[in-house]
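Architecture at a glance
Now for the letters of each chain:
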Amino acid sequence: MGLAAPPASSAKFFVGGNWKCNGTHASVEKLVADLNAGEVPSDIDIVVAPPFIYIDWVRANIKSAYEVAAQNCWTKPDGAFTGEISAEMIKDAMVPWVITGHSERRLLLGESNRTVGLKTGHALEVGLSVIACIGETLEQRNSGHLYDTIDIQLQALFENVQDWGRVVLAYEPVWAIGTGVVASPAQAQEVHAYVRKVLTDRLGKSRAESIRIIYGGSVTDANCGELATQEDIDGFLVGGASLKAPSFINICNARGAAAAAAN
Ligand SMILES: O=C[C@H](O)COP(=O)(O)O
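The name an unreviewed UniProt entry assigns to the protein chain is Triosephosphate isomerase (TIM), from the organism Monoraphidium neglectum. UniProt, in the comment section headed Sequence similarities (unreviewed entry), describes the protein chain in these words: "Belongs to the triosephosphate isomerase family." Here the protein chain is described in UniProt, under the heading Pathway (unreviewed entry), as follows: "Carbohydrate biosynthesis."

Put into structure tokens, the structure is as follows:
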């Protein structure tokens, strides 16, 4: 007996694992060994984002089922920007993806919508693919500013992105990140559908349908199944659960498992 209807979205499922500022050489080696030992679907995109210091080792040692992302990049190619890593360097290190606009960078490090837009545009120009993050705080949601927050964040992307073919949009409500309070499937779907409509209005139906809109915020292998069946949820950006290989592998299998359960 089925759990839920199969997903309506035909976009290639995408699962990102954002390791954030976690790990040691020993724990990263163990995590990569465990990920390499697991079975993940070959028809989805899976991308892990280690801390910069481990990224080269991970890229060289993780199996080809997983691509690698940086967690951030700078807006310029090089220069006197102490502590920054440029998109050019990320490309030079043969890392194909970068995350931009994560709420931890927006809120803890003061990155503005403009900066996120510039970083995203520059990374794309350099040839990277980008996981661009958007999402509202609880205060913005509760004060009726959910959709204008999303609009403003998207507008900064529209001003800087020429080629949406290499962009994955991650909707991550800040109140759900690292809190254990996951958005309900209906809450997440409602915002994803809104984002899809904005993309449709700006870029046309066909392009909008091809852009993956993924959900992030307290995703675990226990709650990902129903989320994965929502029409406009094309995958996940996973934080804490991506540090545990068995959980992350289960999340990578979420859509296939949900489809199998529905049949
Ligand atoms: O980038 C990932 C998100 O911030 C979600 O993190 P979380 O799964 O630990 O809530």
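Here the narrative resumes.
1. Here we look at the overall build of the protein chain
Broken down by element type, the protein chain carries 12 helices and 8 strands. Expected size for 263 residues packed as a compact globule is a radius of gyration near 18 Å; at 17 Å, the protein chain falls within 12% of this value. Across its three principal directions, the C-alpha atoms of the protein chain cover 60 × 45 × 35 Å. Burial statistics for the protein chain: of 263 residues in total, 51% are counted as buried. Total accessible area computed for the protein chain in this model is approximately 11700 Å², and 54% of it derives from carbon and sulfur atoms.

2. Brief notes about helix α12 (residues 254-262)
By the burial criterion, the buried members of α12 are A254, R255 and A258. Relative to the axis of α12, the buried residues are bounded by an arc of 95° and lie together on one face.

3. Structural notes on the site of the ligand
By nearness alone, 13 residues border the ligand, and K20, H102, G178, S218 and G240 come closest of all. At 2.9 Å, a backbone N or O of G239 approaches an oxygen atom of the ligand. One of the backbone N or O atoms of G240 is found 2.9 Å from an oxygen atom in the ligand. The protein chains hide 95% of the 310 Å² of surface that the ligand would expose on its own.

4. Things to note about the packing of helix α1 (residues 25-37) against helix α11 (residues 245-252)
Taken N-terminus to C-terminus, the directions of α1 and α11 make an angle of 40°; their axes are 9 Å apart at the nearest point. In this view, α1 runs oblique relative to α11, as classed from their interaxial angle. Like other packed secondary-structure pairs, α1 and α11 cross with a definite hand, here right-handed. Across the interface between the two elements, L31, D34 and L35 from α1 touch A245, F248 and I249 from α11. Considered class by class, the residues forming the contact of α1 with α11 number 5 nonpolar, no polar and 1 charged.

5. Regarding the environment of V182
Its location among the elements puts V182 in the loop between β6 (167-171) and α8 (185-203). Put simply, V182 and H122 are 60 residues apart on the chain and 32 Å apart in space, counted from C-alpha to C-alpha. With residues near it in sequence (within four places) discarded, V182 still touches A176, Y215, G217, S218, N223 and L227.

Rules of the game
Residues numbered from 1 in each chain as written. Predicted model: local features only at pLDDT ≥ 70, side-chain atom pairs only at ≥ 80, totals over all residues. Heavy atoms only, no water. UniProt positions renumbered as here; feature names shortened; annotations may be inferred. Helix = DSSP H or I, 4+ residues; strand = E, 2+ residues; numbered from the N terminus. Rg over C-alpha atoms; globule rule 2.2 N^0.38 Å. Buried < 20%, exposed > 50% of the residue type's maximum accessible area, 1.4 Å probe, protein only. Areas by Shrake-Rupley, 256 points an atom, 1.4 Å probe, with all protein chains shown as cover. Arc of directions from axis to C-beta. Near = heavy atom within 4 Å. Polar contact = N/O pair within 3.5 Å; in protein donor to acceptor, adjacent residues only side chain to side chain. Axes fitted to C-alpha atoms, helices over the stretch in contact; angles between N-to-C directions. Parallel < 35°, antiparallel > 145°, perpendicular 65-115°, else oblique. Left-handed = near helix turned anticlockwise from the far one by under 90°. Contact = heavy atoms within 4.5 Å. Nonpolar A, V, L, I, M, F, W, Y, C, P; charged D, E, K, R; others polar.

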